[in-house]
Amino acid sequence: MDFSRYLERRWDDLLEQAAQHAAVVALSVLLATAIGVLVGVLTWRSARASGVAISVSAALLTIPSLALLALLIPLLGLGWAPTIVALVVYSLLPIIRNTVTGLRSVDLAVLESARGMGLTGRQTVWRVQLPLAWPIILTGVRVSTQMLFAIATIAAYVAGPGLGNEILSGLAGLGSANALNKAIAGTAGVVLLALAFDFAFVGLRRVTTPRGLRV
Amino acid sequence: MSDIKLVNVTKQYDGQPLPAVDGVTLDIAAGELVVFVGPSGCGKTTTMKMINRLIEPTSGRILLGGTDVMSIEPNELRRHIGYVIQQIGLFPHMTISENIQLVPGLLGWDKTRSRRRADELLELVGLDPVAYRDRYPRQLSGGQQQRVGVARALAADPPVMLMDEPFGATDPITRERLQNEFLRLQAELRKTIVFVTHDFDEAVKLGDRIAVLEERSRIAQYDTPERILATPADDYVASFAGSATAIKRLALIPAERLPGKPLNVANGLPTLDKGGSARDVLDLMIRWGTAQVAVDGGKAVDFETICGLLGDDHGR
């Protein structure tokens, strides 16, 4: 069967897997952003605390994804749960690091006037520093998202959702009729999704960056 | 109205052999503009920052309207003290109006009131509210940003203002304009102001009184600009005041107040514009080579009058 006929026949399945792939990445990145920004906000003030947070998230990133997923099975079973946990773990480093960098990069004069005007430390972080750091944080989120599209394919090993299933079954059945078609369709799907998300980030950045920083 | 009293205020940093500020005692009357002037690193900014507790004194007391600042929660204290710094520090992600409304917002003013207040203040500092309220700091020139900085500090109508070299980063022309506007503003508002600068001429121009500070913020002299120029307390103050102090003193005397002979018709005398000082009179005399200058249309001021202004110490 040639590739176009394969696509035609399996189009609905492929779309569903792609949608799941996008959903699991989006959900994981959202969770990781919430966690990563919070960790950044809590640790940026102390070089030591933020250093530990960054080192730990960097260390987590070195765990082979297959091993991490396998380790999560006894705790979380199969399917979405271990997939999301693993993806969140992998996306923390760029988000935490960029949050810390962003919060620290705010102009000292801005911080001094905030303090001199009577903003509390918390008000300064939420009302001044985070909005100003947002473009930097968003860059971290974008890097994480790109990374997750690739890593999410491994989730198929723990019966997770997404295009990984397509690739995996292609690789498992190498030599059989549709093996190559499967692998190619899955891989192309992942690449296209990643490109689409990356493109969306350009728009997201424009929409969410405070207007005063764009003028 | 709030007066400020510093009583034996000292700041000693850990690990430093000498205190940064050593036993400063100083009274600032309500509605008075006092300039702290001294060389870089003399502790003038540190002294100022202890008033709003950006820096905490090691010992001594600072009283604001009779209340010890250490008994007031720092953020609450700072919301009632205007604060202007050289680098301005406007919030780039907020509009001009939002920048000004921030402190009123923290104090719980309702939106309409703080919005109206922001417009009123923009007007006061010479920026058209309609044109500027919705702009962002990056769209304004340095001088305009500094005006917004002053407006923002005035937002909640604080009785006390602290200003740390607010005009130091602007070009000479803008600086002069900002200084003049600021004097006009202060004549109207009568805030109690502590103004820090290393520019003695700026101190003379703006201050009701000047505290000349030396190392460790020790007060070398605390007096009116006229008296510091006329009778500097010691060589340090004299060297700080620089040369041509007699001329600088003339600049403090408005030409309108000079005695003069009545003048009926313009008889070819050079004429001084309104708002000039005795120094401007002298300048005209030298430029035109005359011993008389017409002031305010109605009188002629003599060279002898100018020479007599400074009493008997002009040969110092």
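It should be emphasised that the depicted structure is a prediction, and the values quoted were computed from it without experimental measurement.

Visitor: I keep staring at the overall build of chain A and nothing clicks. Help me out?
Guide: A tally of regular secondary structure across chain A gives nine helices and zero strands. Counting only C-alpha atoms, chain A reaches 70 × 40 × 20 Å along its principal axes. Counting the 215 residues in chain A, one finds 46% classified as buried. In chain A, the share of contacts with a sequence separation of at least 24, taken over all contacts with a separation of at least 6, comes to 79%. For chain A, the exposed area adds up to about 10500 Å²; of that, 69% sits on carbon and sulfur atoms. Computed over 16 positive and 9 negative side-chain charges, the inter-centroid distance for chain A is 16 Å.

Visitor: Help me out: how do you make sense of the packing of aromatic side chains in this one?
Guide: The geometry of an aromatic ring pair comes down to the distance between the two centres and the angle between the two planes. Enumeration according to the criterion identifies six aromatic pairs over all chains in this entry. Ring geometry for Phe 149 of chain A versus Phe 197 of chain A: centroids 4.9 Å apart, planes at 70 degrees, classification edge-to-face. Taken together, the residues span a long stretch of sequence, with Phe 149 of chain A in helix α6 (residues 121-151) and Phe 197 of chain A in helix α8 (residues 179-208) at a distance of 48 residues. Since its relative accessible area comes to 24%, Phe 197 of chain A is described here as partly exposed. Centre to centre, the rings of Phe 182 of chain B and Phe 195 of chain B are 5.9 Å apart; their planes meet at 40 degrees, and the pair counts as tilted. Here Phe 195 of chain B lies in strand β8 (residues 192-197) and Phe 182 of chain B lies in helix α7 (residues 172-189), a separation of 13 residues in the sequence. One exposure class covers both Phe 182 of chain B and Phe 195 of chain B, and it is buried. Site record: aromatic cluster; members linked through ring pairs are Phe 167, Phe 182 and Phe 195 of chain B. Between Arg 135 of chain B and the ring centre of Tyr 132 of chain B, over which it is positioned, the NZ or CZ distance is 4.6 Å. One cation-aromatic arrangement involves Arg 152 of chain B over Phe 91 of chain B; the distance from NZ or CZ to the ring centre is 4.9 Å.

Visitor: Just to check I follow, could you spell out the sheet that holds strand β1 (residues 4-11) of chain B for this structure?
Guide: Paired through their backbone hydrogen bonds, the strands of a sheet run either parallel or antiparallel. Residues and elements named next belong to chain B. What the four strands build is an open sheet, ordered β2-β1-β4-β5; its pairing is antiparallel. Taken across any chain shown, the strands that pair with only one partner, and hence form the sheet edges, are β2 (21-28) and β5 (67-68). Taken together, the five bridges between β1 and strand β4 (residues 59-64) define a ladder with antiparallel strand orientation. Considered in β4, the bridge of Ile 4 is made with Leu 64. Sheet contacts for helix α1 (residues 44-51): β1, β2 and β4; angle to β1, the most-contacted strand, approximately 120 degrees.

Procedures and definitions
Residues numbered from 1 in each chain as written. Chains lettered and ligands numbered in written order. Predicted model: local features only at pLDDT ≥ 70, side-chain atom pairs only at ≥ 80, totals over all residues. Heavy atoms only, no water. Helix = DSSP H or I, 4+ residues; strand = E, 2+ residues; numbered from the N terminus. Buried < 20%, exposed > 50% of the residue type's maximum accessible area, 1.4 Å probe, protein only. Contact = heavy atoms within 4.5 Å. Areas by Shrake-Rupley, 256 points an atom, 1.4 Å probe, with all protein chains shown as cover. Lys, Arg positive; Asp, Glu negative; His and termini not counted. Charge placed at Lys NZ, Arg CZ, Asp CG, Glu CD. Phe/Tyr/Trp six-rings, centres within 6.5 Å; stacked < 30°, edge-to-face > 60°. Lys NZ or Arg CZ within 6 Å of the ring centre and 35° of its normal. Pairing = 2+ DSSP bridges. Axes fitted to C-alpha atoms, helices over the stretch in contact; angles between N-to-C directions.

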